[in-house]
Amino acid sequence: MDDLGAIAWPPAPVTTGRLVLRAPEARDRAAFVELFASPEVNAYVGGPRQREVLERELPEVPEQWPGSFVVELDGAMIGHVLLRRATGHRRPAAAGKLDLGYLFLPRAWGLGYATEACTAALDWLTGALPGEPVVLTTQSANAGSMRLAAKLGFTEVERFEAWDAEQWLGMRPPANRIADRE
């Protein structure tokens, strides 16, 4: 994954009213296997990976790099939020910008956790790298992800075909521009 510059990693845990966002740890490995092997979670991102392969190949501490946050509820991982620089993005409008990605276990869906966690991660990012725009790409058929993008302040830049489906690319302006509009 591409770096976030000179940000010290990992940061202190980020807390919200219900959640903790923190760096991945070895105790999260089983939840990462469940997350990556879930057909429901991966319906719009290329499909699930084989559990046996994940069990064999996933490192002891999965997804351990700058910008990778485990989302924890009551001491257990329920999701993953990732912020990374999109240097290799297929779309010129996104290339080089910060990219937001997220996956949550089905038992955490519909309870506002994704909104809460992504908002906290974006707020952290604003403090760490002020003035950076953020992009998000999702399949336009993923209604939940489209709603989340709107709640987080992303607006459509373009739609395009990739991976045999229509993709939606949105951008969230830098936080100082958001504050200027309010």
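Above: the structure in question.
Residues numbered from 1 in each chain as written. Predicted model: local features only at pLDDT ≥ 70, side-chain atom pairs only at ≥ 80, totals over all residues. Heavy atoms only, no water.

**So, the side chain of R85**
- Positionally, R85 belongs in strand β4 (residues 76-85).
- Accessibility expressed as a relative area gives 18% for R85, which makes it buried.
- Polar side-chain contacts of R85 include one of 3.0 Å to the backbone oxygen of G96.
- A distance of 3.2 Å separates a polar atom in the side chain of R85 from a polar atom in the side chain of E132. (Helix = DSSP H or I, 4+ residues; strand = E, 2+ residues; numbered from the N terminus. Buried < 20%, exposed > 50% of the residue type's maximum accessible area, 1.4 Å probe, protein only. Polar contact = N/O pair within 3.5 Å; in protein donor to acceptor, adjacent residues only side chain to side chain.)

**A short note on the nonpolar core**
- Core analysis: the biggest nonpolar cluster contains 32 residues, and L21, V81, L100 and F154 have the highest contact counts within it.
- Within the residue set of this core, elements represented by two or more residues are β2 (19-22), β3 (68-73), β4, β5 (98-104), α3 (113-128), β6 (134-139) and α4 (143-151).
- At eight residues, α3 tops the list of elements feeding residues into this core.
- Here L100 is in contact with V81, L82, L83, C118, L122, V134, V135, L136, L152 and F154, once residues within four sequence places are set aside. (Core = buried A, V, L, I, M, F, W, Y, C linked by side-chain atoms within 4.5 Å. Contact = heavy atoms within 4.5 Å.)

**Here we look at the pairing of β4**
- Across the ten residues that make up β4, a large majority, eight, are buried.
- Pairing analysis gives six bridges linking β3 to β4, with the strands arranged antiparallel. Residue pairing across strands places V71 opposite G79, the latter belonging to β4.
- What sits between β3 and β4 in their antiparallel hairpin is a turn of two residues, with D74 showing a positive phi close to 50°.
- In terms of strand pairing, β4 meets β5 through seven bridges, oriented antiparallel. Bridging across to β5, L82 finds its partner in G101. (Pairing = 2+ DSSP bridges.)

**With respect to the pairing of strand β7 (residues 155-162)**
- As paired strands, β7 and strand β8 (residues 165-172) are joined by seven bridges and run antiparallel to one another. Among the inter-strand pairings, A162 is bridged to a residue of β8, identified as A165.

**Structural notes on the environment of V41**
- Its location among the elements puts V41 in the loop between α1 (29-37) and α2 (51-57).
- By relative accessible area, V41 is classed as buried at 10%.
- Through-space distance from the C-alpha of V41 to that of F104 is 6.9 Å; in sequence the pair is 63 residues apart.
- Residue contacts for V41: discarding those within four places in its chain leaves L35, L103, F104, L105, P106 and W109.

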